[in-house]
Amino acid sequence: MYQVTAINEGVATVIHHPKVNKIKLPTGSIAKEINLIDSFNFQIYPGNPGYGKIRPYKTLVNVLNLKTGRYDFEGRVLQPNEEMENSGVVNAAFTCEGELGYLHDSQQKHREYRGSPTNFLQEILNYHNSQVEDYKYFRLGQVTVTDPNDYVYYYTGAEQTTFDTIKDKLLDRLGGELQIRKVDGIRYLDYLVRIGGLKKNTPIRLSKNLKSITKQVDPTSIITRLTVLGSRIQSEDDAATDASEARVTIDSVNNGLPYLDGYALIDEFGIQGGSITYDDISNPIALKSRGQLHLESQKTLLAQYTLTAVDLSLINKAIDSFEVGNSHPVFNPIMNINEDLRIIGKTIDINGPEGNDLTIGDKFKQLHQYQADAAKAARNIAQIQSQVGAQSQRIGTLSAEVKAVNESVAQINQAIIDSDLPGINQAIIDLNEAIYDLNASIEGIPLYGDATPEVSGLMPALDKAKLNLITANQLIDLDQMKILLEELQEKLHLISVLNPVNLDEMNNRIVALEGGSTDGNT
């Protein structure tokens, strides 16, 4: 049924074949899941032609389905392990990752991007291809995911790999699913609203092809009382920030209540509050309708099934095989299941492919994924703290420069009063230096993108919401200050160059004003 081949620098070695007794892997399991990198785990015994020839990252592995003629896995060896069994037999075990893992081999760069999601993904892949070997190239395939305005504003950095950048900027923000597709040996990366998506007629039914089934409910995502918020209401206070502006609510069309209750969900789970925001809706009626739709749709997102089903297509007893992304009718009257459910994950045993472990329904986060998300959030907070610290230092430097400018201006005023020409010149020199330092400080302040608590810019939207909690006691228009200082500099320069002070003439005028004479006699 399956042929497994290991490839080292273009040399292919078959390490598993169903019809060759001496070329067998004792175990081999393929795992596929939407938006995750495929994996293949296998063991190999001494005596196999591939034993001792498999090396991490360098050895490529593919698993060919001899019945369909398609590769169910293509990738590379990632991690080796050796173990000795109770019988004394030594075997090597390997973990392989699918080709999507190649996107972890390149780092992105700092860039500011404004444009469509399609062109953004093209730029990301182009930069990936410029860094890796030819066999890791990706061409942009079909893209069906769009932004409502077909316009996104992102910053990328060298801290993230290409895969992490795609996940952060596209999958986590716009949704959608990734798919690798091969055409004439060329690898394409498709970014689709939904991969597969075909509704198959082959049922998964108790007493026919369903061996076991487990139902899981994820209570962490349940909202039974939903507060619905719309677009911002412009504040009459010119100094108001986004954080202080109110939003459109549904009170006026919902008996004075800003929330909607899912009564069936409350009966089962109690009151679990939550909110959802629609920045593009300002009409309370439309806002309530959208919120009600979201609340009702939760019933399809709560349950997930893990089941073992016999793939009867392998013995020509069914038309359709089980493919990730497709939907099948599932029947189990004992558990009251009678609905079309989507396959989101699949595990294949290459030595027993007729029994597939399928994950059907919505994709839940596992504990390690929650921990990874928490670690990511902690890193983001640390980054914000670092940025705030750097800004504080720059503001401190700027304050010192402003103080220096004020001192220089005071020196000029005093020099004019004292009619001290050398003092004026030195004061102008000091002022020029202070203005130069001030300009350098102003230019050192980074320019952030148009980030809001809902739309990410230079920083994620969540971080922007946190930063909005920081308030300033006094607002300073640095640009206006710079303009005024430059004007002052020009005027002082004209005073010192075009109209130099004549001390004798100034003395005569002062004496004349006092009613005396220039020879010292009154």
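For clarity, every value in this text was computed on a predicted model and none was experimentally measured.

Points about the overall build of the chain
Alright, step 1. Counting its regular elements, the chain contains nine helices and 21 strands.
Alright, step 2. Within the span of the chain, comprising 522 residues, buried residues form 37% of the whole.
Alright, step 3. Considering only contacts in the chain between residues 6 or more positions apart, those separated by 24 or more positions represent 65%.
Alright, step 4. Split by element, the accessible area of the chain, about 29600 Å² in all, is 52% carbon and sulfur.

Here we look at the sheet that holds strand S12 (residues 186-192)
Alright, step 1. With mixed pairing, three strands are arranged side by side in an open sheet as S9-S12-S11. Looking at the sheet topology across the chains shown, the edges are occupied by strand S9 (139-143) and strand S11 (177-183). On average, adjacent strands in this sheet sit at an angle of 30° to one another, irrespective of strand direction.
Alright, step 2. Here S11 pairs with S12 via seven bridges, running antiparallel. Across the sheet, the residue bridging to glutamine 179 is aspartate 190, located in S12.
Alright, step 3. Packed onto the sheet, helix H1 (residues 117-129) meets S9 and S12 and runs at close to 160° relative to S9.

Some points on the packing of aromatic side chains
Alright, step 1. The tally for this structure, following the rule as stated, stands at seven aromatic pairs.
Alright, step 2. A ring pair is formed by phenylalanine 40 and phenylalanine 42, whose centres lie 5.3 Å apart and whose planes are at 25°; its orientation type is stacked.
Alright, step 3. According to the relative accessible area criterion, phenylalanine 40 is buried, its value standing at 0%.
Alright, step 4. The exposure class of phenylalanine 42 is buried, given its relative accessible area of 2%.
Alright, step 5. Residues tyrosine 113 and phenylalanine 120 carry aromatic rings whose centres are separated by 5.2 Å and whose planes lie at 55° to one another, so their mutual orientation is tilted.
Alright, step 6. Judged by relative accessible area, phenylalanine 120 falls into the buried class, the value being 0%.
Alright, step 7. An aromatic cluster of at least three residues, connected via ring pairs, comprises Phe40, Phe42, Phe73 and Phe94.
Alright, step 8. Stacked on the ring of tyrosine 127, the Lys or Arg arginine 111 has its end atom at 5.8 Å from the ring centre.

Topic: the pairing of strand S8 (residues 111-115)
Alright, step 1. Of the two faces of S8, the one holding Arg111, Tyr113 and Gly115 is buried and the one holding Glu112 and Arg114 is not buried anywhere.
Alright, step 2. Here S8 pairs with strand S10 (residues 152-156) via five bridges, running antiparallel. Paired with glutamate 112 across the two strands is tyrosine 155, which belongs to S10.

Topic: the environment of glutamate 97
Alright, step 1. Take glutamate 97: it is sitting in strand S7 (residues 90-98).
Alright, step 2. Considered as a pair, glutamate 97 and valine 77 are 20 residues apart in the sequence and their alpha carbons are 6.6 Å apart.
Alright, step 3. Contacts of glutamate 97, omitting those with residues within four sequence positions, involve Ile37, Asp38, Phe73, Glu74, Gly75, Arg76 and Leu78.
Alright, step 4. A distance of 2.6 Å separates a polar atom in the side chain of glutamate 97 from a polar atom in the side chain of arginine 76.

A look at the nonpolar core
Alright, step 1. Counting 20 residues, the largest nonpolar core has Leu103, Ile166 and Leu189 as its most contacted members.
Alright, step 2. The set of elements that each furnish at least two residues to this core consists of H1, S10, helix H2 (162-174) and S12.
Alright, step 3. Setting aside chain neighbours within four positions, we find leucine 189 in contact with Leu100, Leu103, Leu125, Phe138, Arg139, Leu140, Gly141, Gln142, Ile166, Leu178, Gln179 and Ile180.
Alright, step 4. Counting residues in hydrophobic clusters, the runner-up holds 19 residues, among them Ala92, Phe94, Ile348 and Ile350.

Focus: H1
Alright, step 1. The end-to-end C-alpha distance of H1, which contains 13 residues, comes to 18 Å, matching closely the 18 Å that a straight helix rising 1.5 Å per residue would cover.
Alright, step 2. All of the buried residues along H1 are Pro117, Phe120, Leu121, Ile124, Leu125, His128 and Asn129.
Alright, step 3. Elements in contact with the buried residues of H1: S8, S9, S10, H2 and S12.

Observations concerning the pairing of strand S20 (residues 337-349)
Alright, step 1. Where strand S3 (residues 28-33) meets S20, five bridges bridge the pair, whose relative direction is antiparallel. Residue pairing for S20: glutamate 33 is matched across the bridge by glycine 345.
Alright, step 2. In this antiparallel pair of consecutive strands, strand S19 (residues 327-332) and S20, the connection spans four residues, and asparagine 336 shows a positive phi of 55°.

Some points on the sheet that holds strand S15 (residues 225-229)
Alright, step 1. Sheet architecture is open: three strands sit in the order S16-S15-S17, paired in mixed fashion. Single-partner strands in this sheet number two, and they are strand S16 (259-261) and strand S17 (273-277). Direction aside, neighbouring strands of the sheet carry axes that sit 30° apart on average.
Alright, step 2. Pairing of S15 with S16, which is carried by three bridges, proceeds in the antiparallel orientation.

With respect to the environment of tyrosine 51
Alright, step 1. For tyrosine 51, the location among the structural elements is in the loop between strand S4 (39-44) and strand S5 (60-65).
Alright, step 2. Taking the C-alpha atoms as reference points, tyrosine 51 and asparagine 91, 40 residues apart in sequence, are found 9.0 Å from one another.
Alright, step 3. Look past the residues within four positions of tyrosine 51 in its chain and what remains in contact with it is Ile44, Tyr45, Pro46, Glu82, Val90 and Ala92.

Focus: the confidence of the model for the chain
For any part of a model where pLDDT is low, the fine detail of the predicted coordinates should not be relied upon.
Alright, step 1. For the chain, the mean per-residue pLDDT works out to 78, and 67% of the residues sit at or above 70.
Alright, step 2. pLDDT under 50 marks residues 363-371. Its contacts with residues more than four places away, or in other chains, come to 19 contacts.

About the thresholds
- Residues numbered from 1 in each chain as written.
- Predicted model: local features only at pLDDT ≥ 70, side-chain atom pairs only at ≥ 80, totals over all residues.
- Heavy atoms only, no water.
- Helix = DSSP H or I, 4+ residues; strand = E, 2+ residues; numbered from the N terminus.
- Buried < 20%, exposed > 50% of the residue type's maximum accessible area, 1.4 Å probe, protein only.
- Contact = heavy atoms within 4.5 Å.
- Areas by Shrake-Rupley, 256 points an atom, 1.4 Å probe, with all protein chains shown as cover.
- Pairing = 2+ DSSP bridges.
- Axes fitted to C-alpha atoms, helices over the stretch in contact; angles between N-to-C directions.
- Phe/Tyr/Trp six-rings, centres within 6.5 Å; stacked < 30°, edge-to-face > 60°.
- Lys NZ or Arg CZ within 6 Å of the ring centre and 35° of its normal.
- Polar contact = N/O pair within 3.5 Å; in protein donor to acceptor, adjacent residues only side chain to side chain.
- Core = buried A, V, L, I, M, F, W, Y, C linked by side-chain atoms within 4.5 Å.
- Expected span 1.5 Å × (residues − 1).
- pLDDT = per-residue confidence, 0-100.

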